[in-house]
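As a plain string of letters, each chain reads:
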Amino acid sequence: MSTADYQSYAYQQAIAYGINPQVFEAQIGQESSWNPSAQNGNASGIAQFMPATAQQYGVDTSDPYSSIQGAAAYDSDLLKSNGGNYTQMLQSYGTLSGSAGQGSSVWQKFQQLISNAGLSGSQQAASGNGGSSSSSSSSTGSCGYTDISCLVSKYGTALLGLILGIILIAAGVWGSSK
């Protein structure tokens, strides 16, 4: 399998678990450079799971797809337990610790990514340095209007629900009084 196959699967799993795909893909890239055989101390595999966490999430670290799915599930749980704060999620996972801690180029890269995506946890947004980007498109480009998963990740389900409601009302399917 190729890195592109792993990245595509990571994108799908991020959407399925409700986490930002760009942050998730950058995280896996940071953890292992997309190497399914990566080893760093006791951490192993493409998502660099420690043995206890791998066991908790039913991950076979020798299987990159199992590792990616497990990492998305773990990130989703961490994001919930950290109140939706992506920086804290990444710190809890271990991506932003050690030499990648606060002030490092890795930390700054993730803060910019989080800020550009308009996600909770941007240190720039928290410090008042302008948590928005001058560019409205993500690193993968803008979403097509038929790419629902991209639109959900970029704009959230609430806005899409509102749009769907407007469409249904306009079509006379919802809200009609007969």
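> Sorry, what's going on with the overall build of the protein here?
Summing up its helical and strand segments, the protein has nine helices and two strands in all. Listing the helices and strands of the protein from first to last along the sequence gives α-α-β-β-α-α-α-α-α-α-α. The buried share of the protein, reckoned over its 178 residues, is 40%. Considering only intrachain contacts with a sequence separation of at least 6, the fraction spanning at least 24 residues in the protein is 43%. Carbon together with sulfur atoms contributes 51% to the accessible area of the protein, which is approximately 9600 Å² in total.

> Quick question: what am I supposed to make of the nonpolar core here?
One recurring pattern in soluble globular proteins: nonpolar side chains tend to sit buried together. Judged by nonpolar contacts, the single largest core of 28 residues is most densely connected at Phe 24 and Phe 49. At the level of secondary structure, the elements contributing two or more residues to this core comprise helix H1 (3-17), helix H2 (21-32), helix H4 (64-81), helix H5 (86-93) and helix H6 (105-116).

> What is the right way to read the packing of H2 against H5 from this model?
The description of two helices packed together rests on the angle between their axes and the distance between the axes. At a closest axis distance of 12 Å, the pairing of H2 and H5 adopts a crossing angle of 25 degrees. Taken together, the axis directions place H2 and H5 in an arrangement best described as roughly parallel. Handedness of the H2/H5 crossing: right-handed. Counted together, Val 23, Gln 27 and Glu 31 of H2 and Tyr 86, Met 89, Leu 90 and Tyr 93 of H5 form the full contact between these two elements. Of the residues contributing to the contact of H2 with H5, the split by class is five nonpolar, one polar and one charged.

> How should I be thinking about the environment of Ser 8 in this particular structure?
Structurally, Ser 8 can be placed in helix H1. With 17 residues separating them along the chain, Ser 8 and Glu 25 place their C-alpha atoms 9.1 Å apart.

> Before we go on, may I ask you to explain the packing of H2 against H4 in this structure?
Where H2 contacts H4, the two axes come as close as 11 Å, and the packing angle between them is 120 degrees. Judged by the inter-axis angle, H2 sits oblique to H4. You can see that H2 and H4 cross each other, and the crossing is right-handed. Two secondary-structure elements touch here, H2 through Phe 24, Gln 27 and Ile 28 and H4 through Ile 68, Ala 71, Ala 72 and Asp 75. Broken down by class, the residue content of the contact of H2 with H4 amounts to five nonpolar, one polar and one charged.

> I keep staring at H5 and nothing clicks. Help me out?
Side chains three or four residues apart in an α-helix point the same way, a direct result of the helix having 3.6 residues per turn. Taken together, the buried positions of H5 are Tyr 86, Thr 87, Met 89, Leu 90 and Tyr 93. The buried residues of H5 occupy one face: seen down the axis, they fall within an arc of 160 degrees. Put simply, Asn 85 is the residue that caps the front of H5, since its side-chain oxygen is 3.0 Å from the backbone nitrogen of Thr 87. A positive backbone phi angle near 110 degrees is found at Gly 94, which sits one or two residues after H5.

> Teacher, can you tell me more about the environment of Gln 88 here?
Topologically, Gln 88 is positioned in helix H5. Of the residues examined, Gln 88 reaches a relative accessible area of 36% and is grouped as partly exposed. For the pair Gln 88 and Leu 78, spaced ten residues apart in sequence, the C-alpha separation works out to 8.2 Å.

> Quick question: what am I supposed to make of the packing of aromatic side chains here?
Taken as a whole, this structure holds six aromatic pairs when the rule is applied. The interplanar angle of 65 degrees and the centroid separation of 5.6 Å between the aromatic rings of Tyr 6 and Tyr 65 together place this pair among those described as edge-to-face. Linking Tyr 6 in helix H1 with Tyr 65 in helix H4, this pair joins segments that are 59 residues apart in sequence. Judged by relative accessible area, which is 24%, Tyr 65 ranks as partly exposed. For the ring pair Tyr 9 and Tyr 65, a centre distance of 4.9 Å and an interplane angle of 80 degrees mean the geometry is edge-to-face. Here Tyr 9, found in helix H1, pairs with Tyr 65, found in helix H4; they are 56 residues apart in sequence, far enough to count as distant. What links up through ring pairs into an aromatic cluster is the set Phe 49, Tyr 57, Tyr 74 and Tyr 93.

About the cut-offs
Residues numbered from 1 in each chain as written. Predicted model: local features only at pLDDT ≥ 70, side-chain atom pairs only at ≥ 80, totals over all residues. Heavy atoms only, no water. Helix = DSSP H or I, 4+ residues; strand = E, 2+ residues; numbered from the N terminus. Buried < 20%, exposed > 50% of the residue type's maximum accessible area, 1.4 Å probe, protein only. Contact = heavy atoms within 4.5 Å. Areas by Shrake-Rupley, 256 points an atom, 1.4 Å probe, with all protein chains shown as cover. Core = buried A, V, L, I, M, F, W, Y, C linked by side-chain atoms within 4.5 Å. Axes fitted to C-alpha atoms, helices over the stretch in contact; angles between N-to-C directions. Parallel < 35°, antiparallel > 145°, perpendicular 65-115°, else oblique. Left-handed = near helix turned anticlockwise from the far one by under 90°. Nonpolar A, V, L, I, M, F, W, Y, C, P; charged D, E, K, R; others polar. Arc of directions from axis to C-beta. Polar contact = N/O pair within 3.5 Å; in protein donor to acceptor, adjacent residues only side chain to side chain. Phe/Tyr/Trp six-rings, centres within 6.5 Å; stacked < 30°, edge-to-face > 60°.

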